[in-house]
Structure formats: C-alpha cells, structure tokens
Amino acid sequence: MRTAAQGGEAADAARAATQGGEAAVHGAGQPHKNANHAVSHFGIYEIKVNGETYKFGKADLDRVTQSSGLPTRLHQQVRRLSKTYDDVRPEIVDLGYITTQQAKQAERAALQRYYETTRRIPPGNQKSFRPD
Amino acid sequence: MVRFTSLEWGAKNPYHSETHRAIRETLNAHFPTWKGFLKRKPDYDVWFYAVSKQGVTNLEVKGPDISRRHKEYVYGIYLPEAIADVHEYLDLVFAGIGQVVAEFGVGAEEVAQMKEECKARLGLS
C-alpha cells in the first residue's frame, strides 16, 4: 500500500536510517524501535470512546499479533479502556515506512490539529502533550 | 462475555455506531449456549474485532489470539471495503462470527437466529 507519507518522507527515513545506523544499536545490529532514526511501518491511531476522541498515538504496524493481524499495542489499550467504557473504537491511519522521529512528528501534528479545532487535549494525551 | 469492537484501519465502518450495541447484546444473550467453548474455557471471554481495512475485498476471519493472562480469545473479522448497506454489513459480520462459533459447536441455524434477533433489536426485520 502506498501512502502520502511514503514519498519524500520515506526517502528521508531511508537516508536517516543509513546515516544514523551506527547509533542506538540494539540486539543483532538493528536500531531499537524507540531510536528516533529507526525505520518501521508506523501508523497514527485515534481511539474514540463513546464517540469522543480519547487519545492519539503512534503504533508500529509491523508489531501485530500473528494470528489475527491486529496491532498488539492498540489491542492492549482498547482492552484497558473497554473495562470502563461501553464503546471504544480505534482508527488507524497508515503512514508507511518512516522513522520513529517522523512518526512522533505526525502524532504531534494530529494532536495539534485536534487542539486547534476543539481547544481540548484528549484525556489520554494530557500528561504528554503541550500545545504550541 | 463477548466483546465486539470496530477497528477502522484506513477504511471506514459507517455501520458500527448504529449496530454495535445490538450485536453485542445478541451475542451475549447466546453466549451461555456456546457449550463447545464454555466447556473448554469456562472463564474466558471471546472478543470480535470488525476490521475495516483498506484493500480487503473478501470476508476473512483471522485468529484466535489466545491470552492466558487476560483469559480471552480474540478474532479479527476482516470486512470487504465495499458494503452496500446495513443489511449486507450484518450479513457479513454474522457470516464471520458463524465461522468462529461453528468451532464451538454452534450451528448455522442458531447463527441465522442470532442475526434475525439482532435485526429485530435494530428494527430492521
């Protein structure tokens, strides 16, 4: 699947991976996925609770549970919220293969857009997000 | 308990809001009859995700993911992107659920009955 993010950003991601490949090495020569220059298949998710946005986040879409193909981390969050709320509804936008840093920027941009539209910070992002 | 969640993965599910409660209530009303599951895993939950994913053209059921820690079986019901209306949506959802519960000894007649009960809850029958 090709996405808008896979054009120039993918090239940047590949370049960043090459240039920064010696830093933050983890395990068998692969950069740790938390390293800003690490490249992976990222997406931005939005979790809606009873129709209201609860949280934006980034997810590694290569880390899915093998049998169902569902993103593991997202399912964990949905499970936790489902204990409290009736209707928990996650949405994912596929960003393609980009760096962790680019995924963080996309997550922040989504949050900033949401804040500028609503003047609210989603409950699940209140500890980590400070608007511009 | 049966949980039912929509996951929109690059594609929209315009039918979830109006149907999810009726689907969940119907499934939970029938859950005590899923003996094939309850005899083996009496303290486990079943969790269905209705997955709307870009590029999917045919109904496909994936899973289960089994969590001993959380005592749950998780299935993904991958729906085709093109769905004409809420009737077709329910047909597809219950076709997927039917594939899963067939393994629990639930027959096609009971699945058809669940679908009709769900439609009745929604005022669609």
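Going by the structure above, here's the rest.
Note that the structure is a prediction, hence the values are computed from the model and not measured. (Residues numbered from 1 in each chain as written. Chains lettered and ligands numbered in written order. Predicted model: local features only at pLDDT ≥ 70, side-chain atom pairs only at ≥ 80, totals over all residues.)

1. So, the overall build of chain A
Okay, so step 1: When you go through chain A residue by residue, the secondary structure sums to 3 helices and 5 strands.
Okay, so step 2: In chain A, the order of α-helices and β-strands from amino to carboxyl end is α-β-β-β-β-α-β-α.
Okay, so step 3: Each of the 132 residues in chain A was classed as buried or not, and the buried ones make up 36%.
Okay, so step 4: Within chain A, residue pairs in contact and separated by at least 24 positions form 60% of the contacts whose partners lie at least 6 positions apart. (Helix = DSSP H or I, 4+ residues; strand = E, 2+ residues; numbered from the N terminus. Buried ≥ 20, exposed ≤ 12 C-beta atoms within 10 Å, placed from the backbone. Contact = placed C-beta atoms within 7 Å.)

2. As for the packing of helix α1 (residues 16-30) of chain B against helix α4 (residues 108-121) of chain B
All names here are of chain B.
Okay, so step 1: It is the contact of α1 with α4, at a shortest axis distance of 9 Å, that shows an interaxial angle of 140 degrees. One finds that α1 runs oblique with respect to α4. Crossing of α1 over α4 shows right-handed handedness. Residues A22, I23, E25, T26, L27 and H30 of α1 form the contact with α4, whose participating residues are E110, M114, E117, C118 and R121.
Okay, so step 2: Residue composition of the contact of α1 with α4, grouped by class: 5 nonpolar, 2 polar and 4 charged. (Axes fitted to C-alpha atoms, helices over the stretch in contact; angles between N-to-C directions. Parallel < 35°, antiparallel > 145°, perpendicular 65-115°, else oblique. Left-handed = near helix turned anticlockwise from the far one by under 90°. Nonpolar A, V, L, I, M, F, W, Y, C, P; charged D, E, K, R; others polar.)

3. Let's talk about unusual backbone geometry
Comment: phi is negative for the bulk of residues other than glycine, and the bulk of peptide bonds are trans.
Okay, so step 1: Of note, the amide linkage connecting G63 of chain B to P64 of chain B takes the cis form, showing an omega dihedral of 5 degrees.
Okay, so step 2: On the secondary structure map, P64 of chain B appears in strand β3 (residues 60-67).
Okay, so step 3: One non-glycine residue, N50 of chain A, lies in the positive phi region at around 50 degrees.
Okay, so step 4: Here N50 of chain A is to be found in the loop between β3 (39-49) and β4 (52-60).
Okay, so step 5: A positive phi angle is found at R119 of chain A, which is not glycine, with a value near 60 degrees.
Okay, so step 6: Among the secondary structure elements, R119 of chain A is positioned in the segment after α3 (100-118).

4. Structural notes on the interface of chain A and chain B
Okay, so step 1: Between chain A and chain B, the residue contacts involve 18 residues of the former and 20 residues of the latter.
Okay, so step 2: For the side of chain A that touches chain B, the elements supplying multiple residues, two or more each, are α2 (72-82) and β5 (88-99) of chain A.
Okay, so step 3: Broken down by element, the residue count for the side of chain A that touches chain B peaks at 7 residues, all from β5 of chain A.
Okay, so step 4: Partitioning the side of chain A that touches chain B into residue classes produces 7 nonpolar, 6 polar and 5 charged.
Okay, so step 5: Relative to strand β1 (residues 2-9) of chain B, β5 of chain A is paired through 2 bridges, and the arrangement is parallel. Counted as the bridge partner of E91 of chain A is E8 of chain B from β1 of chain B. (Pairing = 2+ DSSP bridges.)

Geometry only, nothing functional implied.
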